[in-house]
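Spelled out, the chains give:
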Amino acid sequence: ELKKANTGVPDVDSLGFIKFLPAFVLAPTISSAMGGFGAWLIYKNGKTELYDRNIAKLAESEQGYTLLAAVLFNLIVAWVNSYPMLYKTMVMRFSSGNLRANMQIYKASGAAADAGYTLLETHGAIGSYNRANRSLTHLVENSIPVALFIVLAGGVFPLPALALTALFGVGRVMHQMGYASIGYGGHGLGFAIAEIGRYGMQG
């Protein structure tokens, strides 16, 4: 792909913001709907009487609002984590590979200002180290709502919450190992599995 001379990054795509906007809006909506459907399946095909008793206890003390607060918090976290992607697509294409692991792009000042941008090393063991740490940061960015869901959803759906937590964990480990060893794209399946766990608990 074309890059500006010696800068290390592609030419800015001014339409990138608009191109990613539909995915930015649809992704959390679809994930929430799928998570809700999954939760309904668990409710209907699991220990429904136990779940009803647990829900009744929550209803007595109006704790449904607390669970909705956790859902709202998860959606806020999803927004804040996804919003930079609107700008990222202006700077990096989906074909930019490991360049997309960069969370910041640095530029020298003064006489060296035109020397190009400072980016993450993407090759060899150092590149794997950088991407493994990018995956760690991604976990931190998304895990606080999951910690809330473990407690809150676990109070109503104990075994399903355990299973969804395990699914989230497996997905995050796959995300990190795939990103470190394969590179950009190798983390996709792990991300999807972790999101099923996260939005399943939200549901």
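Residues numbered from 1 in each chain as written. Predicted model: local features only at pLDDT ≥ 70, side-chain atom pairs only at ≥ 80, totals over all residues. Heavy atoms only, no water.

Caption draft 1: Geometry of the overall build of the chain. Helix and strand counts for the chain stand at six helices and two strands. Written out in order from the N terminus, the α and β elements of the chain read α-α-α-β-β-α-α-α. A principal-axis box enclosing the C-alpha atoms of the chain has dimensions of 70 × 35 × 25 Å. Put simply, 69% of the contacts in the chain that link residues at least 6 apart link residues at least 24 apart. Approximately 11900 Å² of the chain is accessible, and the part contributed by carbon and sulfur atoms is 69%. Across the chain, the centroid of the 15 positively charged side chains sits 4 Å from that of the 11 negatively charged ones. (Helix = DSSP H or I, 4+ residues; strand = E, 2+ residues; numbered from the N terminus. Contact = heavy atoms within 4.5 Å. Areas by Shrake-Rupley, 256 points an atom, 1.4 Å probe, with all protein chains shown as cover. Lys, Arg positive; Asp, Glu negative; His and termini not counted. Charge placed at Lys NZ, Arg CZ, Asp CG, Glu CD.)

Caption draft 2: Quick peek at the layout of surface pockets. By volume, the largest pocket is sized at about 1200 Å³. Of all the elements in the fold, those that place two or more residues in the lining of the largest pocket are α1 (16-45), α3 (64-91), α4 (124-154), α5 (158-181) and α6 (188-202). The element that contributes the greatest number of residues to the lining of the largest pocket is α1, accounting for eleven residues. Considered class by class, the residues forming the lining of the largest pocket number 25 nonpolar, 14 polar and six charged. Taken as a whole, the second largest pocket encloses approximately 480 Å³ of empty space. Forming the boundary of the second largest pocket are 24 residues, of which Leu67, Phe157, Met201, Gln202 and Gly203 lie nearest the centre. Elements that contribute at least two residues to the lining of the second largest pocket include exactly α1, α2 (48-60), α3, α4, α5 and α6. (1 Å grid on protein atoms, 1.4 Å probe; cavity = no way out; pocket = protein on both sides within 12 Å on 5 of 7 lines; lining within 4 Å. Points joined across faces, edges and corners; volume = space filled by probe spheres on them. Nonpolar A, V, L, I, M, F, W, Y, C, P; charged D, E, K, R; others polar.)

Caption draft 3: Molecular detail of a nonpolar patch on the surface. Taken together, the side chains of Leu72, Ile76, Trp79, Val80, Tyr83 and Tyr87 make up a nonpolar region of the molecular surface, amounting to roughly 620 Å² of accessible area. Secondary-structure assignment places leucine 72 in helix α3. (Patch = residues over 30% accessible without salt bridge, like charges linked within 9 Å, V, L, I, M, F, W, Y side chains within 5 Å. Salt bridge = Lys/Arg side-chain N within 4 Å of Asp/Glu carboxyl O.)

Caption draft 4: Here's a closer look at the confidence of the model for the chain. Taken as a whole, the chain shows an average pLDDT of 91; of its residues, 97% reach a score of 70 or greater. Below a pLDDT of 50 lies the segment residues 1-5, which in the model reaches twelve contacts outside its immediate sequence neighbourhood of four places, other chains included. (pLDDT = per-residue confidence, 0-100.)

Caption draft 5: Molecular detail of the side chain of histidine 175. Locating histidine 175 in the fold gives a position in helix α5. Histidine 175 has contacts with Ser135, His138, His187, Gly190 and Phe191, leaving out every residue within four places of it along the chain.

Caption draft 6: Quick peek at the pattern of salt bridges. Applying the stated rule across the entire model yields three salt bridges. Across the pair aspartate 13 and lysine 19 runs a salt bridge, and its minimum N-O distance is 2.9 Å. For aspartate 13, a relative accessible area of 16% gives the class buried. (Buried < 20%, exposed > 50% of the residue type's maximum accessible area, 1.4 Å probe, protein only.)

Caption draft 7: Looking closely at α1. Helix length check: α1 (30 residues) gives 43 Å between terminal C-alpha atoms against 44 Å at 1.5 Å per residue, within 8%. Considering bend angle alone, the principal kink of α1 is centred on leucine 26 and spans about 30°; proline proline 28 follows within four residues of it. Taken residue by residue, α1 has Gly16, Phe20, Phe24, Gly35 and Ala39 as its buried positions. On its buried side, α1 packs onto α3 and α6. (Expected span 1.5 Å × (residues − 1). Bend = angle between axes of the 7 residues up to and from the residue.)

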